[in-house]
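Here's the letter readout for the chains.
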Amino acid sequence: MTALSRPLAEMADAVLRTADGREKTALAREYAAEWFAARESGTITAPLTEREQIIGHATPPDFPARPDRPVLKHPRDVPRRRPGCREGQIALLHAVAHIELNAVDLHWDIIARFTDTPMPLGFYDDWVKAADEEAKHFNLVSDCLEELGSHYGALAAHAGMWRAAEDTAQDLLGRLAVVPMVLEARGLDVTPGMIEVFRKARLDDTVAALEVIYAEEVGHVAYGSKWFHFLCGRHELDPKDTFHNLVRRYFHGALKPPFNEEKRAEAGLPPDFYWPLAGETPPQSRGTPD
């Protein structure tokens, strides 16, 4: 017995098929608590002999369920507002909430979609924890929006957030390279600037929420790096070359500095992974002029 109400992949699929943001995150947190309670009780210990009972299989949707609002638009059609005014601060928080809700689905999707690839139980521990934290992040930011008189769905949102998942739906290594190691790593670069925006606006609750997100996103990038290196080792692939090849295949556009090198290093991303994808060599590797 696994002490789970249903296999983990079926839990993941159920989250992906729940449309409302608050309901989706409530279900995500309920399932995460169930998973970790079973893990802590010692009833989930045999990933190979009991794999069907523990992980199971699912046929996740190509695109996760979404509420009627926000209206999803092409990025160029989403209005940009300056964060120095209250409308701009609401727009920035709304964009963050949208990112966090997509992250909830991305982390459950990696569990549901790649069950044919045998992985250690630690892989599932990491992504369930990441999904649980993203659900918490969405609720924190949604609470901040509501304190400002708005809510998630009040504004239009980026329609391309799920593209990385669609592009890597058949490639677990590609998913790990693009989602945690590129997209979430970008969050480490930009979040300190967002924190300063809201600190200057004296929105202390929002600052506190973003500081929680900033601290926990380091772990999500680290999970990506850890399991990317694990699979490279399994298949005798060079991690750096493989990362460069996959990002060039699946990520649309060059990576953009400035990079938060300290937090990226903390998450297991060395400079020679990402600087070449920005069209530059790592600063410490550049030669001095003659």
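For every chain, the first residue of its written sequence is number 1, and the numbers climb from 1 along that sequence. Predicted model: local features are reported for residues with pLDDT of at least 70 only, side-chain atom pairs are reported and counted for 80 or more only, and whole-chain, interface and lining totals are derived from all residues. Heavy atoms throughout the structure, all of them, feed into the side-chain values; hydrogens and water do not.

*Asks:* Describe the nonpolar core, naming the residues involved and giving the relevant values.
*Replies:* Inside soluble globular proteins, nonpolar side chains tend to come together where they are buried. Ranked by internal contacts, the top residues of the largest apolar core, which has 85 residues, are Leu 8, Trp 35, Trp 108, Ile 111, Trp 127, Phe 228 and Phe 243. The dominant element in this core, judged by the number of residues it contributes, is helix H7 (residues 172-200), at 13 residues. With sequence-adjacent residues up to four places away left out, Leu 8 is seen in contact with Trp 35, Ile 54, Ile 55, Trp 108, Ile 111, Tyr 124 and Val 128. Nonpolar cores were defined as sets of buried Ala, Val, Leu, Ile, Met, Phe, Trp, Tyr and Cys residues, with membership established by side-chain atoms within 4.5 Å. A simple rule labels every residue: compare its accessible area, found with a 1.4 Å probe on the protein chains alone, to the largest value its type can have, and call it buried under 20%, exposed over 50%, or partly exposed in between. Secondary structure elements follow DSSP: runs of H or I no shorter than four residues count as helices, runs of E no shorter than two count as strands, and numbering proceeds from the N terminus. In what follows, a contact means two residues having at least one pair of non-hydrogen atoms within 4.5 Å.

*Asks:* Outline empty space enclosed by the protein, listing residues and values.
*Replies:* Residues are said to line a cavity or pocket when one of their atoms sits within 4 Å of a point; the points come from a 1 Å grid over protein atoms alone, cavities being sets where a 1.4 Å probe fits but cannot get out and pockets being open sets with protein on both sides within 12 Å along at least five of seven lines. Grid points are joined across faces, edges and corners, and a volume is the space filled by probe spheres set on the points. A complete count under the given rule lists one cavity of 30 Å³ or more for this structure. Every residue along the wall of the largest cavity is listed here: Leu 106, His 107, Ile 110, Trp 127, Arg 175, Val 179 and Pro 180. For the lining of the largest cavity, the secondary structure elements donating two or more residues are helix H4 (86-113) and H7. Note on residue categories: nonpolar means Ala, Val, Leu, Ile, Met, Phe, Trp, Tyr, Cys or Pro, charged means Asp, Glu, Lys or Arg, and polar means any other residue, Gly included. Its residues assigned to classes, the lining of the largest cavity shows five nonpolar, one polar and one charged.

*Asks:* Outline helix H9 (residues 239-250), listing residues and values.
*Replies:* Owing to its 3.6 residues per turn, the α-helix brings residues three or four apart onto one side. Here, expected helix span is obtained from the residue count minus one, scaled by 1.5 Å. With twelve residues, H9 extends 16 Å from end C-alpha to end C-alpha; this agrees with the ideal 16 Å at 1.5 Å per step. Burial in H9 covers these residues: Thr 242, Phe 243, His 244, Leu 246, Val 247 and Tyr 250. Check the buried side of H9 and you find it contacts helix H6 (163-167), H7, helix H8 (204-234) and helix H11 (271-274). Under the rule applied, a polar contact is a pair of N or O atoms within 3.5 Å (in protein, one hydrogen donor and one hydrogen acceptor; residues adjacent in sequence only if both atoms are side-chain atoms). The distance from a side-chain oxygen at the start of H9 to the backbone nitrogen of Lys 240 is 3.2 Å, and the residue carrying that oxygen is Asp 238.

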